[in-house]
Amino acid sequence: MRQPDLILFNKIKKGNKEALEYLFVKYYSSLCNFVNHLIADPESAEEIVSDVFFLIWNDRKKLNVHTNTKSYLFTIARNKALLHIKKRPFLAENIDSALNTEDFNNPETHLLFNELNTYYQRAYEALPHQCQLIFKMHKIDGLKYVQIAKILEISIKTVENQMGKALKLIREAIEIYQLEKH
């Protein structure tokens, strides 16, 4: 039986598990596709969407949905996806792959890599918050400017400006490192 989403939310608020299951079945795959589009990680997308429904059930008594329930679900999913992106380990994958190359067996190369990575990490951490987030989303997570603009609800031009600023500041920090070494 098809029920309007607002009625389902009211039933969930009263502790009706079947209403939650119905809502889950109705939106699960579209939410997974949406979140996967944002984070490019299907397994994590499924976990995030499951967390959305877990959150709804746990906070059911506080639910206060009056209009567009679909928008409500997608907003929660988007916010959880953003949190997931912020919590990803910064350079772990890049460092692991670099450590496994044959050139890295040389102690001098290893030392230089660690020093350069330290400068790079400091430069990244010194970036203003939004600049840092946009840089990470693009360079580390591989998202396109359009995706970043949509996730952060800002213009593509702002994303471009923030990336330009981040690259300039990081480039300047790396140049200081190179000048100190030569």
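Our subject is the structure listed above.
In what follows, the accompanying structure is described. Please read these numbers as outputs of a predicted model, since none were measured by experiment.

1. A closer look at the environment of Ala 173
Then, in step 1: Here Ala 173 lies in helix 9 (residues 156-181).
Then, in step 2: What makes Ala 173 buried here is its relative accessible area of 17%.
Then, in step 3: Sequence separation of Ala 173 and Ala 123 is 50 residues, and the distance between their C-alpha atoms is 6.0 Å.
Then, in step 4: Among residues more than four places away in sequence, those in contact with Ala 173 are Tyr 119 and Ala 123.

2. Re the packing of aromatic side chains
Then, in step 1: Throughout the structure, instances matching the rule amount to five aromatic pairs.
Then, in step 2: Relative to Tyr 72, the ring of Phe 9 has its centre 5.6 Å away and its plane inclined at 90 degrees; by these criteria the two rings are edge-to-face. Of this pair, Phe 9 sits in helix 1 (residues 5-13) while Tyr 72 sits in helix 4 (residues 69-87), and the two are 63 residues apart along the sequence.
Then, in step 3: For Tyr 72, a relative accessible area of 28% puts it in the partly exposed group.
Then, in step 4: One aromatic cluster is present, built from ring pairs that chain together Phe 24, Tyr 28 and Phe 53.

What counts, and at which threshold
Residues numbered from 1 in each chain as written. Predicted model: local features only at pLDDT ≥ 70, side-chain atom pairs only at ≥ 80, totals over all residues. Heavy atoms only, no water. Helix = DSSP H or I, 4+ residues; strand = E, 2+ residues; numbered from the N terminus. Buried < 20%, exposed > 50% of the residue type's maximum accessible area, 1.4 Å probe, protein only. Contact = heavy atoms within 4.5 Å. Phe/Tyr/Trp six-rings, centres within 6.5 Å; stacked < 30°, edge-to-face > 60°.

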